[in-house]
Every structure is written in structure tokens, then in C-alpha cells.
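Coordinate inspection notes
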Amino acid sequence: MIIEVGQVAVVTGAAQGLGRALAAGLIDRGVSVVLADIATERLQTTAEAFTARGARVLPVITDVSDAAAVNTLASRTVEYFGRVDMVVNNAGIGGGGGPLWQSDPQDWQRVLGVNLLGVVHGIQAFVPHLVRTGAGHVVNIASIAGLAVMPFGSSYCASKHAVVAISETLRRELEMLELPIGVTVACPGYVRTPLVEGLATLVEADDDAWTEHLPAELSKEQREQVRATLKRGIATVMEPEVAAERILAAVEADQLYALTHGDFDDRIRHRAEGILAALDGQGRSGDHVETTDDK
Ligand SMILES: NC(=O)c1ccc[n+]([C@@H]2O[C@H](COP(=O)([O-])OP(=O)(O)OC[C@H]3O[C@@H](n4cnc5c(N)ncnc54)[C@H](O)[C@@H]3O)[C@@H](O)[C@H]2O)c1
């Protein structure tokens, strides 16, 4: 989709971090932006800062895990601006900790409620408007954790894999129905936002507070290995403005995947190669069927 002056976008989780940077990138292109977030005061402060720069924004307090609230967000957008061209389903939270078999059922509810259902609600509330107009774009923010796995982060990882899956499904459905609406799913690595800064401070500290979410059974050596891996990952951290620009460039190029970071390609390749190797080992499901060529 070509992003241009006069369009209207909705960004969830827009009060800070990557969402705020995406909103800023859209505003710089002359787009009016509906800023949705659950954090009331922070949302107000962000909206005021954008307005002071001459931007046209509308802050709407929204909990994306609540389908009715996201439907209200869609109707307020159309009432206020008269149109909607893009929805950016960005709001997300961290979660997980400990091995999967010990993970907390409430953590699963919370993480899937925001990270997965929040995106589903955004699609259900906004895509009908885009279909009616016959144009537009859906941007879903997943993570590199949506393409590769992260030990001791099962709920977050599962939620992000699901966001990749529903983005691919949505794109196929729109194509099959010949609806000219784009879909992009972003899979960033580490981005310098409050979410990551907290983790960086914990990992850098001398004490063992950061290991609180790791299984007690891990040896000191294994903990240090996890710490070293995290430190290496965090060292690749990207400024939110850079990640946002790469995501918006992928939207403009109508790419399905926006892979903002190249640093984790080995993990993605390793997983894909494992699947391909299994496929080669099994042969295709029709291989055993006798064909006319065999006779
Ligand atoms: N920071 C990273 O390294 C990184 C990497 C990959 C993917 N992501 C993803 O990018 C997105 C943004 O992350 P971030 O790092 O900017 O996080 P952040 O915590 O800095 O900002 C997230 C924003 O979402 C809002 N939010 C949380 N729950 C909400 C809800 N239920 N309804 C509405 N708003 C809600 C928060 O108030 C906050 O303003 C998330 O989906 C995250 O999973 C982040």
C-alpha cells in the first residue's frame, strides 16, 4: 500500500515503544493516527506531544483484549475521521518464565488475551471497513519469537507464532476473495523500548534477580549461558524509529513478512531446515502411490 497524506491509521499500544514510533512514522507521512492504549496518562502525554507537532491524532483508551472495546475503537475512528486505511495491531505484553510444564495458566490467559486475541479483535473490527472501501492494509506486530522458539518463554512464543499464522491465513483469505487489502506481519528482534530496557538492566546486574523466572534446576553454568545468550541478543537492540521505518517500508512494498533484524536468521534457518529435513526423510505423502509412470 502506498502510504500518503490524508490517510487514517489506527495504532494499538501507541503510548510508548514501537507503537509510538510507528505512529510517529505515519504522522511524518501526513497520516492522521488514532492512538489506542490501555495506559491512560501515558496515552494522553503521547497524544499531546504529537498534537504539539501539528499532527492530527485521536487518543482512545482501549484494552485490546476486550472485543467490545476494539469495536468501539473502530466506530470512533470512522465517526471522527470519516475513514480508516490501516490498522496496526501492535499492543503486546511479555510473559512466560519457567519450563512449559510449570507455566502459570493465568499467564497464558493474559498473554494470549492481549498478544493473540488483541490482534484477532483488531482484524474483526477493522477489516470489514477496509473491505467496504476496497483498500487498506493490516499490520500485525509479532516477533522473532513468532518464527523461532524461546526456551522459558512458551506463552509469549506461542502467542507470536499464532500472530504469524493468522497473518498468513488472512493474507490467503483476502487473496482468494480477490480483496485488494494488504497484510504485513512484523517479526522484530530486540527493540529499545521499556519492555527490553527492563530486561537489559536485570541481565547486566551483578545479582541473580534476573534468574527468578528460570527453573531452579538449572546449574550455575547453564544460567550463565542463558545470561550470555540474552546479553548477545540485547547487544543487537535496534532503535524503535529504525524498526518502525523498516516495517513501514515493508508495508509500502506489500511484503507479507517484515524481518527488521538480520541477527537471528540462524535460528529461523535452523527451524526451517529441521522441517525440510523431516520432509525429505519421510518423502511426500503421495510417494507410495503407484503412478502411470511406474508401469
Ligand atoms: N521491544 C522488543 O524488543 C520487541 C521485539 C519483538 C516484538 N515486540 C512486540 O512489539 C510490540 C510493542 O512492544 P514494545 O516493546 O513497544 O512494548 P512496550 O511495553 O514498550 O509498549 C507496549 C504498549 O502496549 C500497551 N498495552 C499493553 N497491554 C495493552 C492492552 N491490553 N491494550 C492496549 N494497549 C496495551 C502498553 O500500555 C504500552 O504502551 C509488542 O507486540 C511486542 O511483543 C517487541
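Going along each chain's sequence as written, the residues are numbered from 1 onward. Local features in this predicted model are restricted to residues whose pLDDT is 70 or higher, and side-chain atom pairs enter the listing and the counts only when it is 80 or higher, whereas totals over whole chains, interfaces and linings include all residues. To obtain the side-chain values, all non-hydrogen atoms of the structure were used and water was disregarded.

1. Thoughts on the overall build of the protein
Per the secondary structure count, the protein includes nine helices and seven strands. In terms of C-alpha radius of gyration, the protein reaches 21 Å, essentially the compact-globule figure of 19 Å for 295 residues. Referenced to the eigenvectors of the C-alpha coordinate spread, the extents of the protein come out at roughly 70 × 55 × 35 Å. Each residue is assigned to one of three classes by its accessible area relative to the maximum for its type, calculated with a 1.4 Å probe on protein chains only: buried under 20%, partly exposed between the two thresholds, exposed over 50%. Expressed as a percentage of its 295 residues, the buried residues of the protein come to 47%. Contacts are assigned to residue pairs that have any heavy atoms within 4.5 Å of one another. Across the protein, contacts joining residues at least 24 apart in sequence account for 70% of those joining residues at least 6 apart. Residue-level accessible areas treat just the shown protein chains as cover; the underlying method is Shrake-Rupley with a 1.4 Å probe. With the model as given, the accessible surface of the protein reaches about 15,200 Å², and the carbon-plus-sulfur share is 55%. A gap of 3 Å separates the mean positions of the 24 positive and 38 negative side-chain charges of the protein. Here a helix means four or more residues in a row that DSSP labels H or I, a strand means two or more in a row labelled E, and each is numbered from the N terminus. Atoms considered for the radius of gyration are the C-alpha atoms alone. The globule rule reads 2.2 Å times the number of residues to the power 0.38. Counting rule applied: Lys, Arg positive; Asp, Glu negative; His and chain ends not counted. Each charge is placed at NZ for Lys, CZ for Arg, CG for Asp and CD for Glu.

2. With respect to the pairing of strand E6 (residues 182-186)
Walk down a regular strand and you will see the side chains alternate between the two sheet faces. Counting buried residues along E6, five of its five residues qualify, which places the element largely inside the surrounding structure. Residue alternation in E6 divides its side chains into two sets, Gly 182, Thr 184 and Ala 186 and Val 183 and Val 185, and both sets are buried. In this region the chain leaves strand E5 (residues 137-141), passes through helix H5 (residues 154-176) and returns to the parallel neighbour E6; the handedness of that crossover is right-handed. By this definition, two strands are paired if DSSP reports at least two bridges between them. One ladder, built from two bridges, connects E6 with strand E7 (residues 257-258); its direction is parallel. Bridged to Val 185 within E7 is Tyr 257. Handedness of a crossover: with both strands directed away from the viewer, a clockwise path from the first strand across the helix to the second marks it as right-handed.

3. Some thoughts on the sheet that holds E7
Taken in spatial order, the seven strands of this open sheet run E3-E2-E1-E4-E5-E6-E7, and their pairing is parallel. In the strand order of this sheet, the two ends are held by strand E3 (57-61) and E7, each with one partner. In this fold H5 packs onto E5, E6 and E7, with an angle of close to 165° to the strand it touches most, E6. Note on geometry: axes are lines fitted to C-alpha atoms, helical ones only across the stretch in contact, with angles between N-to-C directions running from 0 to 180 degrees.

4. Notes on helix H3 (residues 67-81)
Over its 15 residues, H3 extends 21 Å from the first C-alpha to the last, a length consistent with the 21 Å expected when each residue adds 1.5 Å. Taken as a whole, H3 has its buried residues at Val 70, Leu 73, Ala 74, Thr 77 and Phe 81. Across the axial projection of H3, the buried residues extend over an arc of 95°, all falling on one side. Where H3 is buried, its residues touch strand E1 (8-12), strand E2 (32-37), E3 and helix H4 (105-133). Phi for Gly 82, located one or two positions after H3, is positive at around 80°. A helix is expected to reach a length of 1.5 Å times the quantity of its residues less one. As used here, the arc is the angular range of directions from the helix axis to the C-beta atoms.

5. Structural notes on the packing of aromatic side chains
Centres within 6.5 Å are what make two rings of Phe, Tyr or Trp a pair, Trp counting through its six-membered ring; a difference in plane orientation under 30 degrees is then read as stacked, over 60 as edge-to-face, and the rest as tilted. Counted according to the given criterion, the structure contains one aromatic pair. Plain terms: the ring middles of Tyr 80 and Phe 81 are 4.8 Å apart, the flat faces sit at 85° to each other, and that makes the pair edge-to-face. As a reminder, the over-ring test applies to NZ of lysine and CZ of arginine, requiring each to be within 6 Å of the ring centre and within 35 degrees of the ring normal. Directly above the aromatic system of Phe 50 lies the positively charged group of Arg 20, at a separation of 5.5 Å from the ring centroid.

6. Let's talk about the pairing of E3
Sheet analysis places E2 next to E3, joined by five bridges and oriented parallel. Each bridged residue has a counterpart across the sheet, and for Leu 35 the counterpart in E3 is Pro 59. With respect to chirality, the unit in which E2 leads through helix H2 (residues 40-52) into the neighbouring parallel E3 is right-handed.

7. Description of the confidence of the model for the protein
Overall, the predicted model of the protein reaches an average pLDDT of 92, with 96% of residues at or above 70. Throughout residues 288-295 the model reports pLDDT below 50, and contacts reaching past four residues in sequence, or to other chains, amount to two contacts. Per-residue confidence from the prediction method is given by pLDDT, with values spanning 0 to 100.

8. Comments concerning the domain arrangement of the protein
Entries for the protein in the domain assignment read domain 1 (8-190 + 238-260) and domain 2 (193-237). On a C-alpha basis, the centres of domain 1 and domain 2 stand 27 Å from each other. Contacts between the two partners involve 12 residues from domain 1 and, on the opposite side, 15 residues from domain 2. By convention, the term buried area covers the 1.4 Å-probe accessible surface removed from two parts as they join, with the contributions of both added. A combined buried area of about 980 Å² lies between domain 1 and domain 2, and 71% of that area is made up of carbon and sulfur atoms. Boundary definitions for the domains trace back to an automatic or database domain assignment.

9. Thoughts on the packing of H3 against H4
Axis separation between H3 and H4 bottoms out at 8 Å; the angle between their running directions is 30°. On the basis of the axis angle, H3 is roughly parallel to H4. In the packing of H3 onto H4, the handedness of the crossing is right-handed. On the side of H3, the interface is formed by Ala 67, Val 70, Asn 71, Leu 73, Ala 74, Thr 77 and Val 78, while H4 contributes His 121, Gly 122, Ala 125, Phe 126 and His 129. Residue type decides the class: Asp, Glu, Lys and Arg count as charged, Ala, Val, Leu, Ile, Met, Phe, Trp, Tyr, Cys and Pro as nonpolar, and the leftover types, Gly among them, as polar. Grouping the constituent residues of the contact of H3 with H4 by class yields seven nonpolar, five polar and no charged. These descriptions rest on fixed angle ranges, namely under 35 degrees for roughly parallel, over 145 for roughly antiparallel, 65 to 115 for roughly perpendicular, and the rest for oblique. Crossing handedness is read from the near helix: turned anticlockwise from the far helix by less than a right angle, it gives a left-handed crossing, and turned clockwise, a right-handed one.

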